[in-house]
Amino acid sequence: MISTSDIKNGANIFVEKQPCTVIWFQHHKPGKGGAMLRTKLKNLRTGAIVERTFKSGERFDEVDVEQRKKQYLYADNDNFYFMDAETYEQIGFPKEKMKLEGSYLTENLEVTALYLEGELVNITLPLSVVLTVTGTVVGAKGDTVSGATKPATVETGLEVMVPLFIKEGDKIRVDTRTGEYLERA
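Residues numbered from 1 in each chain as written. Predicted model: local features only at pLDDT ≥ 70, side-chain atom pairs only at ≥ 80, totals over all residues. Heavy atoms only, no water.

Enquirer: Before we go on, may I ask you to explain unusual backbone geometry in this structure?
Expert: Most of the time, phi is negative for any residue but glycine, and the peptide bond is trans. Unusually for a residue other than glycine, Tyr88 sits at a positive phi of about 60°. Within the fold, Tyr88 resides in the loop between strand E8 (79–84) and strand E9 (90–94). Located in the positive-phi region is Glu117, a residue other than glycine, with phi close to 55°. Relative to the elements of secondary structure, Glu117 occurs in the loop between strand E10 (110–116) and strand E11 (119–124). For Glu117, a relative accessible area of 70% gives the class exposed. (Helix = DSSP H or I, 4+ residues; strand = E, 2+ residues; numbered from the N terminus. Buried < 20%, exposed > 50% of the residue type's maximum accessible area, 1.4 Å probe, protein only.)

Here it is as structure tokens:
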């Protein structure tokens, strides 16, 4: 059992008998009343994301998940395909369960697969990935006030706001949690 004070990003808990992982949390103490925990949870079985608020001191059962390293291979119309790093077995994972995460997948990217009772339920990406810029506009001269950015399209089709000095062909590091540019790689 884990309590609200032990919750952190990535924690796997049962909420209303459903296995969930914590995507985001915030402890909140209003001026009147008891403390609360605001969370954003992803259902491990369905992939649905919900926001929930819990009273301070609530307790949850932990979900026992097995983690295995996988390598991204390719995608077709319905699935992303991964290879197990130990057994070399290939497995497909539905695209609808990885709507946002799919835009960060590049060939040979190492990911972590979460198994619940022997069933593949989720794919976890690394905190950041390196992507190649395939298209961007030229920064206009004089737009160099601190923090100026422009849109850039990367090899996966994702659009990222980048600094003006980034050009086509540059490799950039992107945060997979927020989709923000981190640095030139």
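Next comes the rest of the account.
Enquirer: Is there a simple way to think about the pattern of salt bridges in this case?
Expert: When charged atoms on two side chains of opposite charge get close, those side chains can pair. Tallied over the full model, the rule gives 10 salt bridges. Put simply, Arg52 and Glu16 hold a salt bridge, and the shortest N to O gap is 3.1 Å. Taken together, the positions of Arg52 in strand E5 (residues 49–55) and Glu16 in the loop between strand E2 (12–15) and strand E3 (18–28) put the pair 36 residues apart, joining distant regions of the chain. Classification of Glu16 by relative accessible area gives exposed; the value is 64%. Here Lys42 makes a salt bridge to Glu101, at a shortest N to O gap of 2.9 Å. Residue Lys42 is located in strand E4 (residues 36–43), and its partner Glu101 is located in the loop between E9 and E10; the two are separated by 59 residues in the primary sequence. A relative accessible area of 18% places Glu101 in the buried class. Taken together, the shared-partner salt bridges in this structure form one network comprising Arg45, Glu117 and Glu119. (Salt bridge = Lys/Arg side-chain N within 4 Å of Asp/Glu carboxyl O.)

Enquirer: Looking at this model, I keep getting lost on the sheet that holds E3. Mind explaining?
Expert: Note on sheets: strands pair through backbone hydrogen bonds, and any given pair is parallel or antiparallel. Judged by pairing direction, the sheet is antiparallel, and its 4 strands sit side by side in the order E2-E3-E4-E5 without closing on themselves. Since the sheet does not close on itself, it has two edges, and those belong to E2 and E5, each with one partner. With direction set aside, neighbouring strand axes in the sheet form an average angle of 45°. Both E2 and E3 contribute to a ladder of 4 bridges, which runs antiparallel. Within E3, the residue paired with Phe14 across the bridge is Pro19. (Pairing = 2+ DSSP bridges. Axes fitted to C-alpha atoms, helices over the stretch in contact; angles between N-to-C directions.)

Enquirer: What am I meant to see in the sheet that holds strand E7 (residues 66–75) here?
Expert: Spatially, 5 strands are ordered E9-E8-E7-E10-E11 in an open sheet, and the strand pairing comes out antiparallel. Looking at which strands have only one partner, the edges of the open sheet turn out to be E9 and E11. Neighbour to neighbour, the strand axes of the sheet diverge by 45° on average, direction disregarded. Here E10 runs beside E11; their pairing, made up of 5 bridges, is antiparallel. Paired with Thr112 across the bridge in E11 is Thr124.

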